[in-house]
Amino acid sequence: HAIPPEYPDPTEDKLLVRSVSPSFEASPELMPSDRRPVLRAIRQEEFTDELIALGPLHDPIYHSTSARALFDDSGAYDGAVIMFKNVTPMIEASKTKDRFLANVSHELRTPLTSILGYLELLEDDVQMTPRAVKSLDVISRNTNRLLSMVNDLLTVAAGRHQISVSEMDFGAVVQARLESMAPRAAAAGIELNQGVLCHEQVLGDALSLEQVVDNLVSNSIKYTDRGGSVTVEMDCTEDEIRLHIIDTGRGISEADLSQLFVRFFRSDDAQLSGLPGVGLGLAITRELVMAHGGTITAESEVDRGTTMTVGMPRKAVELDASSTADPRQSTTGTRS
């Protein structure tokens, strides 16, 4: 039978119901009564797979909750259905995985950083033969690549990104990163073109947006054959500044395009190419863009290149300076 919306739910009200953070930690504060799932369902709210924790803080039981309203033949409200699914084993497994990733990645990053330091010292040795210099360059390039992968794993294990927002010139950030990446493009035989840039002020974290530009441009360079080109340009509207990265590379199939921002996804082409990567670059890029209140989209056609577009709001956006949208909720892998 239908329960009047004003009817209190004393049973649920007495339960220890807690919200859950993106890193799957139960909140120390109990969830307010009006935000608990049963009462929300009675109020005809509908939701899907919302995570809550039940029980004491030191040993909570995690449940995924969903609710749907019911209506009779005349269309009148006739109650609600709510489902609770115990997902505690899955949450604990995910926590264990994250701790493992964080520990392993940290242990790998320390020696890699040391290796890079000594490589820089060797590169300054003027007595080295040209063959030795070339070998060192290969070692340094691949060590940097491995360090980048380890840093991506650390980012994933952290479960969120630290964002420090201030007023900044997004166009200047893009220009500086293109100048830095020009030697890499030249070495790969790729023409890196800088189009019109918008030197407009936005609210953002410069370091995070540098990572966005680096990830997108390096991805385009990686998947564009020698002799191709990568063009970076911007345009402005009243509401946002848009960054476009346009390459003449291999392109992405329609099936793979739908999974382009899913963590650890790598297309069949990427795997067969032998190019290194763990499938995190574009997923992390999407999370950073979303943390700024922005959007990211991809348009591509096999053998005809790819266009990545990032939209950044021009007006002030309220952001949580300590976290972003839950990266685990990303539904849209990366070629990298």
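Above this text sits the structure in question.
Residue numbers run consecutively from 1 along every chain, following the written order of its sequence. Given that this is a predicted model, residues contribute local features only at a pLDDT of at least 70 and side-chain atom pairs are listed and counted only at 80 or more, while totals for whole chains, interfaces and linings are drawn from all residues. In computing side-chain values, all of the structure's heavy atoms are included and hydrogens and water are not.

J.: I keep staring at the nonpolar core and nothing clicks. Help me out?
T.: Most often, soluble globular proteins have nonpolar side chains that are buried together. Definition of nonpolar core: a set of buried residues of the types Ala, Val, Leu, Ile, Met, Phe, Trp, Tyr and Cys, connected through side-chain atoms within 4.5 Å. Three labels apply to residues, based on accessible area from a 1.4 Å probe with only protein chains included: buried if under 20% of the type maximum, exposed if over 50%, partly exposed otherwise in between. The biggest cluster of nonpolar side chains holds 37 residues, and the ones touching the most others in it are Phe170, Val174 and Leu243. Going through the elements one at a time, α5 (170–187), α6 (206–222), β9 (229–236), β10 (240–247), α9 (281–291) and β12 (306–313) are the ones with two or more residues in this core. Ranked by size, the runner-up nonpolar core spans seven residues in total, among them Val20, Phe24, Ala26 and Val87. Each helix corresponds to a stretch of at least 4 residues labelled H or I by DSSP, and each strand to a stretch of at least 2 residues labelled E; elements are numbered beginning at the N terminus.

J.: Would you explain the sheet that holds strand β5 (residues 77–86) in this entry?
T.: Hydrogen bonds along the backbone pair up the strands of a sheet, which may run parallel or antiparallel. A pair of strands is labelled paired if DSSP reports no fewer than 2 bridges between them. The five strands lie next to each other as β2-β1-β3-β4-β5, forming an open sheet whose pairing is antiparallel. Of all strands in the sheet, those with a lone pairing partner are β2 (26–30) and β5, marking the two edges. Neighbour-to-neighbour, the strand axes of this sheet turn through a mean angle of 40°, independent of strand direction. Pairing geometry for strand β1 (residues 17–20) and strand β3 (residues 47–54), over three bridges, is antiparallel. Counterpart to Ser19 in the pairing with β3 is Ile52. In what follows, residue pairs with any heavy atoms lying within 4.5 Å of each other are defined as contacts. Think of each axis as a best-fit line through the C-alpha atoms, taken over the contacting stretch in the case of a helix, with angles from 0 to 180 degrees between the N-to-C directions. Along the sheet, helix α3 (residues 88–123) contacts β3, β4 (61–71) and β5; its crossing angle with β4, the most-contacted strand, is approximately 135°.

J.: Where do I start with the pattern of salt bridges in this structure?
T.: Between side chains of opposite charge, a pair can form when the charged atoms approach closely. Any Lys or Arg side-chain nitrogen located within 4 Å of an Asp or Glu carboxyl oxygen qualifies as a salt bridge. Taken as a whole and judged by the stated rule, the model has 10 salt bridges. Across the salt bridge formed by Arg35 and Glu45, the nearest N and O atoms sit 3.8 Å from each other. Note that Arg35 is positioned in the loop between β2 and α2 (37–42) and Glu45 in the loop between α2 and β3, a separation of 10 residues in sequence. Of the charged contacts, one joins Arg242 and Glu240 as a salt bridge, the two residues approaching to 3.4 Å between their closest N and O atoms. The class of Arg242 is partly exposed, set by a relative accessible area of 26%. Judged by its relative accessible area of 21%, Glu240 is partly exposed.

J.: Explain the environment of Leu136 to me, please; I cannot follow it from the model alone.
T.: Within the secondary structure, Leu136 is located in helix α4 (residues 130–158). Classification of Leu136 as buried rests on a relative accessible area of 8%. Residues Leu136 and Leu119, 17 residues apart in the sequence, show an inter-C-alpha distance of 7.1 Å. Those residues within four positions of Leu136 in sequence are excluded, and the remaining contacts are Leu119, Leu122, Glu123 and Met128.

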